[in-house]
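Geometric and topological summary
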Amino acid sequence: MHLRSTAARAATARAATARATTLTCALALLATVAGCSGAGVDGTPGRDGVRDPYFPKLGNGGYDVAHYGLTLGYDPDSRHLTGTAEITASATKNLSSFNLDLKGLDVSGITVEGKAARFQRAGHELRVRPADELDRGETFRAVVRYSGTPETITDDDGAEEGWLKTEDGALALGEPAGSMAWFPGNHHPSDKASYDIQVTVPKGLKAVSNGELTRESTKNGRTTFAWHSAEPMASYLATVAIGEYEMQTSTTEDGLPVITAVDPSQAKASKKVLAKIPDVIEWSEYNFGPYPFSSVGAIVDREDDAGYALETQNRPVFPGAPGTDLLVHELAHQWFGNSVTPKSWRDMWLNEGFATYATWLYDEDHDGDSAQKTFDALYKGDYYEDKADNEAIWAFPPARPTDAASISDPPVYDRAAMVIHKIRQAVGDDAFYDIVQGWTKTYRHKNADTKDFTEYVERNAGGDEAREKVSRIWGDWLYGDGKPDSP
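Residues numbered from 1 in each chain as written. Predicted model: local features only at pLDDT ≥ 70, side-chain atom pairs only at ≥ 80, totals over all residues. Heavy atoms only, no water.

**Examining the sheet that holds strand S15 (residues 212–219)**
Working definition: the strands of a sheet are paired by backbone hydrogen bonds and lie parallel or antiparallel to each other. Filter applied, for reference: At least two bridges found by DSSP between two strands are what make those strands a pair. The way it works is that DSSP assigns letters per residue, a run of H or I at least four long becomes a helix, a run of E at least two long becomes a strand, and they are numbered from the N terminus.
Sheet architecture is open: 8 strands sit in the order S6-S5-S9-S3-S2-S13-S16-S15, paired in mixed fashion. Every interior strand has two partners, whereas the edge strands, strand S6 (115–116) and S15, have only one. Both strand S5 (residues 106–112) and strand S9 (residues 139–148) contribute to a ladder of 6 bridges, which runs antiparallel. Looking at the pairing, Val112 lines up with Ala142 of S9.

**Quick look at the packing of aromatic side chains**
We count it as follows: Note on ring pairs: Phe, Tyr and Trp rings are taken, using the six-membered ring of Trp, and paired if centres are within 6.5 Å. Classes follow the plane angle, with under 30 degrees stacked, over 60 edge-to-face and the rest tilted. The classification of residues rests on relative accessible area computed with a 1.4 Å probe and restricted to protein chains. Under 20% of the type maximum is buried, over 50% is exposed, and intermediate values are partly exposed.
Using the criterion set out here, one finds 31 aromatic pairs in the structure. Ring plane angle 25 degrees and centroid distance 4.9 Å describe the contact between Tyr68 and Tyr195, whose orientation is recorded as stacked. Residue Tyr68 is found in strand S2 (residues 63–75), and its partner Tyr195 is found in strand S13 (residues 193–202); the two are separated by 127 residues along the sequence. The residues Tyr68 and Tyr195 share a single accessibility class, namely buried. Look at Trp283 and Tyr362: their rings are 5.1 Å apart centre to centre, the planes differ by 80 degrees, and that puts the pair in the edge-to-face class. Of the two residues, Trp283 sits in helix H3 (residues 277–288) while Tyr362 sits in helix H5 (residues 348–365), which places them 79 residues apart along the sequence. Accessibility classification places Trp283 together with Tyr362 in one group, the buried group.

**What about the environment of Leu102?**
Structurally, Leu102 can be placed in the loop between strand S4 (95–101) and S5. Between the C-alpha atom of Leu102 and that of Val65, which follows or precedes it by 37 residues, the distance is 15 Å.

**Some points on the packing of helix H6 (residues 371–380) against helix H8 (residues 410–427)**
The relative placement of two packed helices comes down to the angle between their axes together with the axis-to-axis distance. Stated formally: The convention used is that axes are lines fitted to C-alpha atoms, helices contributing only their stretch in contact, and that angles between N-to-C directions extend from 0 to 180 degrees. Geometric relationships in this document are graded by angle, where less than 35 degrees denotes roughly parallel, more than 145 denotes roughly antiparallel, 65 to 115 denotes roughly perpendicular, and other angles denote oblique. Rotating anticlockwise by less than a right angle from the far helix to the near helix defines a left-handed crossing, while the corresponding clockwise rotation defines a right-handed one. Residue contacts are defined here by distance: any two heavy atoms, one from each residue, within 4.5 Å place the two residues in contact. Only Asp, Glu, Lys and Arg are considered charged, only Ala, Val, Leu, Ile, Met, Phe, Trp, Tyr, Cys and Pro nonpolar, and every remaining residue, Gly among them, polar.
For the pair H6 and H8, interaxial distance at closest approach is 10 Å and the crossing angle is 130 degrees. Between H6 and H8, the angle is such that the two are oblique. Remark: the crossing between H6 and H8 carries left-handed chirality. From H6, Ala371, Gln372, Phe375, Leu378 and Tyr379 reach across to H8, where they touch Asp414, Met418, His421, Lys422, Arg424 and Gln425. Among the residues making up the contact of H6 with H8, the classes are represented as 5 nonpolar, 3 polar and 3 charged.

**Focus on the packing of H3 against H5**
Contact geometry of H3 with H5 gives a least axis separation of 12 Å together with a crossing angle of 105 degrees. Of the possible angle classes, the one that applies to H3 and H5 is roughly perpendicular. On the side of H3, the interface is formed by Val280, Trp283, Asn287 and Phe288, while H5 contributes Ala358, Leu361, Tyr362 and Asp365. Taken together, the residues that form the contact of H3 with H5 break down as 6 nonpolar, 1 polar and 1 charged.

**Some details on the sheet that holds strand S20 (residues 296–301)**
Reading across the sheet, the 4 strands line up as S18-S19-S20-S21 and stay open at both edges, with mixed pairing between neighbours. Of all strands in the sheet, those bounded by a partner on one side alone are strand S18 (246–251) and strand S21 (317–319). In this sheet, neighbouring strand axes are inclined to one another by 15 degrees on average, regardless of whether the strands run parallel or antiparallel. The pairing of S18 with strand S19 (residues 257–262) spans 6 bridges and is classified as antiparallel. Following the sheet pairing, Ser250 is matched in S19 by Val258.

**Points about the pairing of strand S12 (residues 170–173)**
Going residue by residue along S12, you find Ala170 and Ala172 tucked away on one face and Leu171 and Leu173 tucked away on the opposite face as well. Of the strand pairs in this sheet, strand S11 (residues 160–165) and S12 are connected by 4 bridges, and their pairing is antiparallel. The partner of Leu164 across the bridge, within S12, is Leu171. The loop that links S11 with its antiparallel partner S12 comprises 4 residues.

**Re the nonpolar core**
Applicable threshold: In this description, a nonpolar core means a group of buried Ala, Val, Leu, Ile, Met, Phe, Trp, Tyr and Cys residues linked to one another through side-chain atoms lying within 4.5 Å.
Core analysis: the biggest nonpolar cluster contains 137 residues, and Phe98, Trp182, Trp349 and Phe453 have the highest contact counts within it. Sort the elements by how many residues they give to this core and H5 lands first, with 10 residues. In this view, Phe98 contacts Gly46, Tyr63, Val112, Leu126, Arg127, Val128, Pro130, Leu134, Phe140 and Ala142; residues no more than four positions away in its chain are not counted.

**Topic: a negative patch on the surface**
What counts is decided by this rule: Every patch collects residues that have over 30% relative accessible area and no salt bridge, joining them within 9 Å if they carry like charges and within 5 Å if they are nonpolar side chains (Val, Leu, Ile, Met, Phe, Trp, Tyr). Throughout, the Shrake-Rupley method with a 1.4 Å probe supplies accessible areas, and for residues the shown protein chains are the sole cover considered. Throughout this description, the term salt bridge denotes a Lys or Arg side-chain nitrogen within 4 Å of a carboxyl oxygen of Asp or Glu. Neither His nor the chain termini are counted; the positive set is Lys and Arg, and the negative set is Asp and Glu. Lys charges are placed at NZ, Arg charges at CZ, Asp charges at CG and Glu charges at CD.
Together, Glu253, Asp254, Asp279 and Glu282 make up a negatively charged patch on the protein surface. Within the secondary structure, Asp279 is located in helix H3.

**What to know about the environment of Ser209**
Rules: Any N or O atom pair separated by 3.5 Å or less is treated as a polar contact, with the protein-specific requirement of one donor-capable and one acceptor-capable atom, and with residues adjacent in sequence counted only for side-chain atom pairs.
By secondary structure assignment, the location of Ser209 is in strand S14 (residues 206–209). For the pair Ser209 and Leu478, spaced 269 residues apart in sequence, the C-alpha separation works out to 35 Å. In this view, Ser209 contacts Ile197, Trp227, Thr239, Val240 and Arg315; residues no more than four positions away in its chain are not counted. A polar contact is formed between the side chain of Ser209 and the backbone oxygen of Thr239, at a distance of 2.7 Å.

**What to know about the side chain of Asn390**
Mapping Asn390 onto the fold places it in helix H7 (residues 387–392). One polar contact links the side chain of Asn390 to the main-chain carbonyl oxygen of Tyr384, over a distance of 2.8 Å. Excluding its chain neighbours within four sequence positions, the residues that come into contact with Asn390 are Gly381, Asp382, Tyr383 and Tyr384.

**Focus: the pattern of salt bridges**
In this structure the tally under the stated criterion is 18 salt bridges. Note that Asp263 and Arg302 form a salt bridge whose closest N and O atoms lie 2.9 Å from each other. You can see Asp263 sitting in the loop between S19 and helix H2 (267–274) and its partner Arg302 sitting in the loop between S20 and S21, a full 39 residues away along the chain. Take Asp263: its relative accessible area is 0%, and that puts it in the buried class. The partner of Lys387 in a salt bridge is Glu391, and the shortest N-O contact between them spans 3.9 Å.

So this is what it looks like as structure tokens:
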């Protein structure tokens, strides 16, 4: 080691001090300029998930979407999808970056407020870093351009969702996580938005989506269909159906548009049941309150195109011609699930319990079994022919599914409907229907969870005795393990 002289060391120290002082002043100046320009120097990344109890990585934190503008082109032969998603959102915190959910597909570019943004991919997470940080409360527009072959996703319970190939086109189903297979977004039910969905397909095919058709035009052998949904919608309820549909538009007596799209192979079998839509809506409004959307209808595909029906907003999807009970169930979801949407997937029983109970009430009002008789048969264990199906009702409490694979299991449907019936028993019919209609009015186009519901019922039960009765229902029927001792 070579030691320098004392004078040399002193000179070096003075130079270092001068450099440090200069650097400190420069940093202070930069901070002052940034602060004055509102550049959001304290921005942090938005979360890559909303920590849903069953799907913790679904959705994203740091922003709230107001509107999706989706421009899609699809070729069924090559299965190639091109898309541009214009997402209008507001920052709920100072953001240096934010995430979108998008599974598969190739992203060619992203802009935020018209400026190119950097992005990274990790699984279904698409992290976007804007050129300028976003301030809390700021409304911004992100544009994502993407393309590729959209995926069919097998979810936790074995059902297929996402983008399904059909005999003559495609069908997009989103519950609970399938929508991220065909457009980027904040894919959790807690973030609802309005939609404009424009789809261009080969001439001769139809492209059906949610809301109302605002434009249909053909050019160079391709037809574009533009659909508008003004009311808020959770992304899992968005759909696109492409095929050789027979489309019909009519109205209810109150002027509500009824739009149906039916695969030709199902037209004859569907005609009678779809004609019941106006009557089912009228009956539902009498029981549940005003219809919450600007149109209604149905999409009926071939039986093999999807393994289940889904309550896609305005226009439920059916695999083959539905029976009346299934039609009633999916239309009831327009109130329960679509307008009043769960805050998390743990609250799924609020969707399915009410929709299932709606079929009990419809049967009761149309010369079928009473709701009480259905309840008694389920409790006794002879409702289903198979003993295992009857026992499956008691596998877990409706408000506490065991895992993501069980959120669509029998307790979330049948036992949840039994909870609704127990409330009716406890408070009487007059208070019960007041509660149901008050619930759909109070939370119209909003999100609600189980706590919101139980507190709402207790506040409106109609006296101390009724409140005590319903509070016991929560412990025995909603959260209790196994079959309650008494019906």
